[in-house]
Amino acid sequence: MSDMDSLFLRIIARELPADIVFENDRLIAIRDINPQAPTHVLVVPKKRYRNAAELAAADPQLLAELITTAHDIAAQAGIAESGYRLLFNTNADAGQTIFHVHLHLLGGEPLGGLTGGPIKG
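In the annotation of an unreviewed UniProt entry, the protein is listed under the name Histidine triad nucleotide-binding protein and assigned to Saccharopolyspora thermophila.

### Regarding helix α3 (residues 60–76)
In this model, α3 (17 residues) spans 25 Å end to end at C-alpha, consistent with the 24 Å of a helix rising 1.5 Å per residue. The first or second residue beyond α3 is G78, which carries a positive phi of 80 degrees.

### Topic: the sheet that holds strand β1 (residues 20–23)
Taken together, five strands build an open sheet; the order of strands is β1-β2-β3-β5-β4 and the sheet is antiparallel. What marks the edges here is a single partner per strand, and that holds for β1 and β4 (84–87). Across the sheet, the mean angle from the axis of one strand to that of its neighbour is 20 degrees, orientation sign disregarded. Both β1 and strand β2 (residues 27–31) contribute to a ladder of three bridges, which runs antiparallel. Bridged to E23 within β2 is I28. Contacts from α3 reach β1, β2, β3 (39–45), β4 and β5 (103–107) within the one sheet, and its direction differs from that of β3 by about 155 degrees.

### Regarding unusual backbone geometry
Of note, R14 is a non-glycine position whose phi angle comes to about 65 degrees, a positive value. Residue position: R14 is located in the loop between α1 (7–12) and β1. Assessed through its relative accessible area of 48%, R14 is described here as partly exposed. Phi is positive for N91, close to 75 degrees, though the residue is something other than glycine. Mapped onto the elements of the fold, N91 is located in the loop between β4 and β5.

### Looking at the nonpolar core
Core analysis: the biggest nonpolar cluster contains 17 residues, and V43, L55, L62, L66 and I73 have the highest contact counts within it. For this core, the elements supplying multiple residues, two or more each, are β2, β3, α2 (52–58), α3 and β5. The dominant element in this core, judged by the number of residues it contributes, is α3, at six residues. Those residues in contact with I73 that lie beyond four places of it in its chain are V21, F22, A29, V41, V43 and L105.

### Let's talk about the pairing of β5
Within β5, five of the five residues are buried, which leaves the element mostly enclosed by the surrounding structure. Side-chain alternation along β5 places L103, L105 and G107 on one buried face and H104 and L106 on a second face that is also buried. Across five bridges, the pairing between β3 and β5 is antiparallel. The residue of β5 that forms the bridge with V43 is L103. Two elements, β4 and β5, share four bridges in a ladder whose sense is antiparallel. Across the sheet, residue Y84 finds its bridge partner in β5, namely G107.

Conventions we followed
Position numbers for residues start from 1 in each chain and track the written sequence from start to end. Thresholds applied to this predicted model are a pLDDT of at least 70 for local features of residues and 80 or more for the giving and counting of side-chain atom pairs; totals over whole chains, interfaces and linings are not thresholded and use all residues. Derived side-chain values reflect all non-hydrogen atoms in the structure, with water molecules and hydrogen atoms excluded from consideration. We count a stretch as a helix when DSSP gives it H or I for four or more residues in a row; a strand needs E for two or more, and each element gets its number in order from the N terminus. Each helix should span, by expectation, one fewer than its residue count multiplied by 1.5 Å. Strands qualify as paired when DSSP identifies two bridges or more between them. Each axis is a line fitted through C-alpha atoms, taken for helices only over the stretch in contact, and angles between the N-to-C directions span 0 to 180 degrees. Contact between two residues is taken to exist if any of their heavy atoms lie within 4.5 Å; hydrogens are not considered. Throughout, exposure labels follow a simple rule: accessible area from a 1.4 Å probe, protein chains only, divided by the maximum for the residue type, with under 20% read as buried, over 50% as exposed, and the rest as partly exposed. The set of buried Ala, Val, Leu, Ile, Met, Phe, Trp, Tyr and Cys residues whose side-chain atoms join them within 4.5 Å is what this entry labels a nonpolar core.

Have a look at this one:
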């Protein structure tokens, strides 16, 4: 997949619509179009990295910024105190379908264990 094929790059370029909840010069956060919880936001670096491991090796500060931003969004959504889940899917067996790293922020209800099936994306 080329960078131009990345769904997220097309959203960043405003070629595709999205419900943007946060944006700065390095990140964008959008509501998932197929939410798995009442709050389901994707925090995405604007520069494309294939997965979380590639991002961590290339720019650990940006990885930390993803997590901090997700926490800030959870706080704004009123779910930081009750709890939220942060999830990276890494490669196909984990359910990654868009090979541009993105952090899932899920919350707003009790989420239970992780054995209920994969969260796609």
